Amino acid sequence: MNPQILTALGVLVGMVLAIFAGLTIGEGRIMVGAALVVIPLFFAILAASNWQPVALAFFCLSLGGTLPLAKNLTPFNIIAIITFVWFVIEYVVFQKRHLRISNYPIFWLLLSICAILIINFFRGGGGVRALGGETWGGRRYFEVYVAMAFYVVLTLWKPDMKALNKIPIFVLLAVFFDFGIWAVQYLKPGLIPLIYPVYAGLQASDIYLADPAADPSEGVERLFGMRTLGLGLVTFCVAEHNFKNLLSPKSLFYVFLIVAGIGITALAGFRSYVVVAVFIAAMGAFFRLKKLAIIPAIVACLFVGILAISQGTLIDMPLQVQRSMSFLPGNWDRQAMSDATGSTEWRQGIWRLWYDRYFPEHPIIGRGWNINPTDAFGANLSGVLIFNKEDTWIFHAATGSLHNGPLTAVDAVGILGTFLTIAVSIVSLAYVWGGAGRIGYANLQPIHRWVIINLTSWLAIFWVLDGFFYRFFPIYIVYCGLAVLVFSIQGKPSRKPDEASDAAVSGIPQPMRSRLEGV
């Protein structure tokens, strides 16, 4: 990064945060003021070289909370905006470069979906709740625009592989940070009023579940932080290690961490995310074993089958694990089965209400994310959680939180936008997997594997399992930008493939490649 630009941005951000810190400390909010003093120091340390601002942005992208002090912006929103401003100043103003977008098919498809969202924004009068708007949902549009700006940044960035391979490490640090925040608030709910004004890492439903006074009849308690930790651990291990020598102590250690990550994900109590964790592990097996990946898949299925048969006779697994595995045949606890079945029926109620009330209004381009608070809460505009089943149907249908990826796409961008989203999903998958084939699976760097894993699993979650378009689309845009960057860089692989190991496993020797082929 240009030292002059870094200094100017640092002074500007520092001045703004210093003003907020002084005001909040003066009001007696010492925790908030202290956080505002620490935040710029943390960013200054991490932004010390030209690759770290983008790596820091991916750190912030993986954080699950918002910053209430910044009108509920996410850390990624803030860092992405700062990074985009820096790129414009340095590339356009100082270096007189033109903004050239790489991989036009992906870019134009994404831009077409954004155009539909812009139409819906102005047609529906999208407002911002934090600014006192009569309608809500404006921040969802804002996050998409920020993501598109960051896509441009990624296509202009010119790092080397050593710099790119730092990104999975930064993301793992973010995972542990979010897990730590969740664990503190879960184990000590009394600290929530102190932490929440600084970093809103919990949703309202999470806070309710963390309350010791919560009614246990609401169902099996799900551990949200375990889901974040488990998936993050599996993803990092599969991406970071190449498993050249499957019997080496290092490979066995990573295999142990992957199995532990799947177990941690199961402990969270989410059926769909256990499937995702196993899917990520299967991708890792494919990277290493190709067609022979069927062998560990069979072993894993046998192991899961033994666990299911043993439940209730030889072992008694925690309720969360039983809920996660309840889609399999087994002697599962009645409460776990009932909670899982009730969740499915509850979603179907939301879908029916949405289809009857909202879909007929704008089937072609959708209704966007303009939320009328009266429709969502009725007379209860305070937004207090309502646990009556029919009222929650109304709330989720009105806010577009349909717990179904394709339906949320149709709701936000209509049938036309959904077809465009399907098209860009297919194009991006072909791009990363085709790039991996050209480079050679044995030559893949950690960042290659990490991009393939995240983009593929993110699409699988959205289209097959349990997606929300307003969460999926901005993150997907960023993953596409990183994919275009990573698979367009040419350079020598940092680690040479082990030809003997590959030949022993697949029977077909992998030729040594002197350079990575660009896509």
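Helix and strand counts for the protein chain stand at 22 helices and zero strands. Across the 519 residues in the protein chain, those meeting the buried criterion constitute 49%. Residue pairs in contact within the protein chain that sit at least 24 positions apart in sequence constitute 75% of those at least 6 positions apart.

The biggest cluster of nonpolar side chains holds 110 residues, and the ones touching the most others in it are Phe58, Phe473 and Leu482. No other element matches the 14 residues that helix H21 (residues 469-486) contributes to this core. Not counting the four nearest positions on each side in its chain, Leu482 is found in contact with Phe58, Leu154, Leu164, Ile167, Ile447, Trp450 and Val451. In this structure, Phe359, Ala398, Leu402 and Val410 belong to the second largest nonpolar core, which totals eleven residues.

Okay, a nonpolar patch on the surface next. Judged by side-chain polarity, Leu292, Ile294, Ile295, Ile298, Val299 and Leu302 come together as a nonpolar surface patch covering roughly 560 Å² of accessible area. Tracing the chain through its elements places Val299 in helix H14 (residues 294-310).

Turning our eyes to something else, we now look at helix H13 (residues 271-289). Under the 1.5 Å per step criterion, the end-to-end length of H13 is 27 Å for 19 residues, consistent within 8% with the ideal 27 Å. Within H13 the residues assigned to the buried category are Ser272, Tyr273, Val274, Val276, Ala277, Ile280, Met283, Gly284, Ala285, Phe287, Arg288 and Leu289.

Our next topic: the packing of aromatic side chains. Counted by the stated rule, this structure contains 30 aromatic pairs. An aromatic cluster of at least three residues, connected via ring pairs, comprises Phe121, Phe122, Tyr141, Trp369, Phe462, Trp463, Phe469, Phe472, Phe473 and Tyr476. Above the plane of the ring of Phe270 lies Arg227, whose end atom (NZ or CZ) is 4.6 Å from the centre. Above the face of the Tyr358 ring, Arg367 is positioned so that its terminal group lies 4.1 Å from the ring centre.

Turning next to the confidence of the model for the protein chain. For the protein chain, mean pLDDT is 75; residues scoring 70 or higher make up 72% of the total. Here helix H22 (residues 499-506) stands out as the least confident element of the protein chain, with mean pLDDT 37; helix H19 (residues 405-439) is the most confident, with 93. Contacts from residues 381-386, a stretch scored under 50 in pLDDT, to residues over four places away or in other chains number eleven contacts. Under a pLDDT of 50 for its full length, residues 491-519 has, in the predicted model, 60 contacts with residues more than four places off or in other chains.

Let us look at the side chain of Asp466. By the secondary structure assignment, Asp466 is in helix H20 (residues 446-466). A distance of 3.2 Å separates polar atoms of two side chains, one belonging to Asp466 and the other to Arg347.

H13 packs onto helix H11 (residues 224-240) with a crossing angle of 5 degrees between their chain directions and a minimal axis gap of 9 Å. Between H11 and H13, the angle is such that the two are roughly parallel. Side by side, H11 and H13 meet where Arg227, Leu231, Val234, Thr235 and Val238 of the first sit next to Tyr273, Val276, Ala277, Ile280, Ala281, Gly284 and Phe287 of the second. Each residue belonging to the contact of H11 with H13 can be placed in one class, and the counts come to nine nonpolar, two polar and one charged.

Attention now moves to the packing of helix H12 (residues 249-268) against H13. Relative to each other, H12 and H13 sit at 165 degrees, their axes nearing to 8 Å. Taken together, the axes of H12 and H13 are roughly antiparallel relative to one another. Considering how the two elements wind past one another, H12 and H13 form a crossing that is right-handed. Between H12 and H13, the residues in contact are Ile258, Ile262, Thr265 and Ala266 and Tyr273, Val274, Ala277, Val278 and Ala281, respectively.

The next subject is the pattern of salt bridges. Following the criterion strictly, the structure yields three salt bridges and no others. The salt bridge involving Asp466 is made with Arg347; its shortest N-O contact spans 3.2 Å. Remark: Arg347 occurs in helix H16 (residues 334-357) and Asp466 occurs in helix H20; sequence separation between them is 119 residues. Across the pair, Arg347 and Asp466 agree in class, each one buried.

The next point concerns the environment of Met148. Note that Met148 resides in helix H6 (residues 138-156). Between the alpha carbons of Met148 and Leu110 there is a distance of 8.4 Å; along the sequence they are 38 residues apart.

Our focus in this paragraph is H21. Spanning 18 residues, H21 covers 25 Å between terminal C-alpha atoms, matching the ideal 26 Å at 1.5 Å per step. Counting buried positions along H21 gives 16 out of 18 residues, so the element sits mostly inside the fold.

This part takes up unusual backbone geometry. Positive phi outside glycine occurs at His403, with the angle close to 55 degrees. Positionally, His403 belongs in the loop between helix H18 (389-399) and H19. According to the relative accessible area criterion, His403 is buried, its value standing at 14%.

Rules used in this analysis
Residues numbered from 1 in each chain as written. Predicted model: local features only at pLDDT ≥ 70, side-chain atom pairs only at ≥ 80, totals over all residues. Heavy atoms only, no water. Helix = DSSP H or I, 4+ residues; strand = E, 2+ residues; numbered from the N terminus. Buried < 20%, exposed > 50% of the residue type's maximum accessible area, 1.4 Å probe, protein only. Contact = heavy atoms within 4.5 Å. Core = buried A, V, L, I, M, F, W, Y, C linked by side-chain atoms within 4.5 Å. Patch = residues over 30% accessible without salt bridge, like charges linked within 9 Å, V, L, I, M, F, W, Y side chains within 5 Å. Areas by Shrake-Rupley, 256 points an atom, 1.4 Å probe, with all protein chains shown as cover. Salt bridge = Lys/Arg side-chain N within 4 Å of Asp/Glu carboxyl O. Expected span 1.5 Å × (residues − 1). Phe/Tyr/Trp six-rings, centres within 6.5 Å; stacked < 30°, edge-to-face > 60°. Lys NZ or Arg CZ within 6 Å of the ring centre and 35° of its normal. pLDDT = per-residue confidence, 0-100. Polar contact = N/O pair within 3.5 Å; in protein donor to acceptor, adjacent residues only side chain to side chain. Axes fitted to C-alpha atoms, helices over the stretch in contact; angles between N-to-C directions. Parallel < 35°, antiparallel > 145°, perpendicular 65-115°, else oblique. Nonpolar A, V, L, I, M, F, W, Y, C, P; charged D, E, K, R; others polar. Left-handed = near helix turned anticlockwise from the far one by under 90°.

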